[in-house]
Amino acid sequence: MSAVADVVVVGGGVIGCAIARRAAQGGLRVVVAERATPGMEASFAAAGMLSPLAEADQPGPFLDLLLRARSLYPEFAAALREETGVDVGYGDAGTLYLALREEDEAELEHRFAWQSAAGLGVERLDEAQVREMEPAASPATRWALRFPGDHQADNRALGRALWGAAARAGAEFRLGADVVALLHEGGRAAGVVLAGGERIRAGAVVLAAGSWAGRMEGLPRPVPVEPVHGQIAALESIPPLFRHVVDSPRCYLVPRSEGRILAGATVERLGFRKAVTPRGLVGLLEGALEIAPSLADAAIVETWAGLRPGTPDGFPILGPDPDIPNLHYATGHFRNGILLTPLTAELVAGVLLGHPPDASLAPFGIQRF
Ligand SMILES: Cc1cc2nc3c(=O)[nH]c(=O)nc-3n(C[C@H](O)[C@H](O)[C@H](O)COP(=O)(O)OP(=O)(O)OC[C@H]3O[C@@H](n4cnc5c(N)ncnc54)[C@H](O)[C@@H]3O)c2cc1C
């Protein structure tokens, strides 16, 4: 049996669903092929920080991409609420980055220097100012940076909202559809082949399969995405311990509205294995208590692990293939896929809808590898 669509999107994480939503809203017939349940892989496992300043190491196209993505979030969250009734928990309290040890200070000094020179609104706080803003921060805090523009969202709610919004816009979801190969015809992508042999024919293919993006047969070139394992522990935090996301060079704590605080995350290369491990958990909990000693008796309410889609340079792979222009990449979002979701959707769906590729896509093309 064959189905026909304008676009088939491979993968129903936040990236695939967001592209499907925009493309369907633009009038295209969209099929999302998802081998399991939308939004349940990296998109479910994330911590939901929207943190250009905590994530970027220097000015440049990647920081510009992150900042532009963040600027879209308020409107994006409001639109999803209107379309689906789901509140994606967008919060703008900002992030504190603590120097807790002498050796942390050089990194904070470096960040403060380049970010203030670039006019990014970073603030320097002394220990008393930190304790006034967040009394539960460790007395070992030496000083801190505040990134007022680093925000957060509830990524699990975001996954649900995007699935609902894409379906409402008319995208068809094929669940249990495991894509095994790209179909070619006359030098162009013609759709995908599912395990079991079914073909979904389409005028364009979007590869949004997260860590698995390089595993299909028939791709015109290697897609250098590898899984980067991350573990998180959720602790009970009632009443809320912090208002800000509170970060250190070893751990971050993300307050969530449902009375939990997330301690994350490990960064490990374990292949496609997902596991919460004693080593991972011990490191996270030590890092959490270093930031907030009063968490020592908090209940551990959930632990999980997920796979970030990593690339050799840590930047996403976005835009059309240079040889097969109707094959579009939207993967490799590594640590910033939640933040980059609305912008990735605008940029990739823009090309699908016939607009000229936005200039900001150029540094992130697959041809850089
Ligand atoms: C522990 C952790 C913490 C993180 N914290 C943050 C954070 O604070 N802020 C932030 O911005 N980002 C964060 N991230 C990164 C973010 O989660 C990812 O970059 C983002 O979710 C990637 O989304 P995706 O849709 O590309 O991938 P995924 O969510 O992994 O979705 C890929 C989908 O493709 C499907 N699929 C794969 N292969 C096939 C196939 N062959 N056929 C059909 N379907 C297929 C999968 O089933 C899956 O549903 C974190 C990630 C982790 C693991």
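Look up a bit, the structure's there.
Everything numeric in this text was worked out from a predicted model, so none of it was measured.

Undergrad: For this particular structure, what's the right way to read the overall build of the protein chain?
TA: Looking only at helices and strands, the protein chain has nine helices and 18 strands in total. For 369 residues, the compact-globule formula gives about 21 Å, and the C-alpha radius of gyration of the protein chain, at 21 Å, lands near that figure. Considered along the principal axes of its C-alpha atoms, the protein chain spans approximately 65 × 40 × 40 Å. Expressed as a percentage of its 369 residues, the buried residues of the protein chain come to 56%. If you take every contact in the protein chain between residues at least 6 apart in sequence, the share linking residues at least 24 apart comes to 74%. Element-wise, carbon and sulfur atoms account for 52% of the exposed surface of the protein chain, whose accessible area totals about 14,900 Å². Across the protein chain, the centroid of the 33 positively charged side chains sits 5 Å from that of the 43 negatively charged ones.

Undergrad: What should I look at first to understand helix α4 (residues 61-84) in this one?
TA: In an α-helix, one turn spans 3.6 residues; hence positions three or four apart end up facing the same way. Over its 24 residues, α4 extends 33 Å from the first C-alpha to the last, a length consistent with the 34 Å expected when each residue adds 1.5 Å. Taken as a whole, α4 carries its principal kink of about 40° at Y73; the proline P74 stands between one and four residues after it. Along α4, the residues classified as buried are F62, L63, L65, L66, A69, Y73, F76, A77, L80 and E83. Positive backbone phi, at 80°, marks G85, one or two positions downstream of α4.

Undergrad: Is there a simple way to think about the environment of P239 in this case?
TA: Tracing the chain through its elements places P239 in the loop between β12 (226-236) and β13 (245-247). A residue is classified by how much of its surface remains accessible, and P239, at 63% relative accessible area, is exposed. Spatially, the C-alpha atom of P239 lies 6.9 Å from that of G259, the residues being 20 residues apart in sequence.

Undergrad: Please clarify how the site of the ligand should be interpreted in this entry.
TA: Taken together, 38 residues sit near the ligand, with E34, S43, M49, F334 and R335 positioned nearest. Between a nitrogen atom of the ligand and a main-chain N or O atom of A47, the distance comes to 3.2 Å. L339 is positioned with one of its backbone polar atoms (N or O) 2.9 Å from an oxygen atom of the ligand. Relative to its unbound accessible surface of 1,000 Å², the ligand loses 98% to contact with the protein. Among the secondary structure elements, those contributing two or more residues to the shell around the ligand are α1 (14-25), β2 (30-34), α2 (42-45), β12, β16 (300-310) and α9 (337-352). Ranked by residue count, the leading element in the shell around the ligand is β16, at four residues. Taken together, the residues of the shell around the ligand sort by class into 21 nonpolar, eleven polar and six charged.

The rules behind the values
- The numbering scheme is per chain: residues are counted from 1 as the chain's sequence reads.
- This being a predicted model, a pLDDT of at least 70 is required before a residue's local features are given, and a value of 80 or more before pairs of side-chain atoms are given or counted; all residues contribute to the totals for chains, interfaces and linings.
- Note that the side-chain values use all heavy atoms of the structure and ignore hydrogens as well as water.
- A run of H or I in DSSP counts as a helix once it spans at least four residues, and a run of E counts as a strand once it spans at least two, with each numbered from the N terminus.
- Only the C-alpha atoms count toward the radius of gyration. The rule for a globule is 2.2 Å times the residue count to the power 0.38.
- Only protein chains enter the accessibility calculation, which uses a 1.4 Å probe; a residue whose area is less than 20% of its type maximum is buried, one above 50% is exposed, and one in between is partly exposed.
- Whether two residues are in contact is decided by their heavy atoms: any pair within 4.5 Å suffices.
- All accessible areas in this document rest on Shrake-Rupley with a 1.4 Å probe, and a residue is counted as covered only by the protein chains that are shown.
- His is not counted, nor are the chain ends; Lys and Arg add positive charge and Asp and Glu add negative charge.
- Charge placement uses NZ in Lys and CZ in Arg. For Asp and Glu, CG and CD serve respectively.
- A helix's residues, less one, multiplied by 1.5 Å, set its expected span.
- Values of bend correspond, residue by residue, to the angle between axes fitted over the seven residues ending at that residue and the seven starting there.
- A single heavy atom is enough: if one lies within 4 Å of a molecule or strand, its residue is considered near that molecule or strand.
- We call two N or O atoms a polar contact when they sit within 3.5 Å, provided that within protein one can donate a hydrogen and the other can accept it, with sequence-adjacent residues counted only if both atoms are side-chain atoms.
- When residues are sorted by character, Ala, Val, Leu, Ile, Met, Phe, Trp, Tyr, Cys and Pro go into the nonpolar class, Asp, Glu, Lys and Arg into the charged class, and all the rest, Gly among them, into the polar class.

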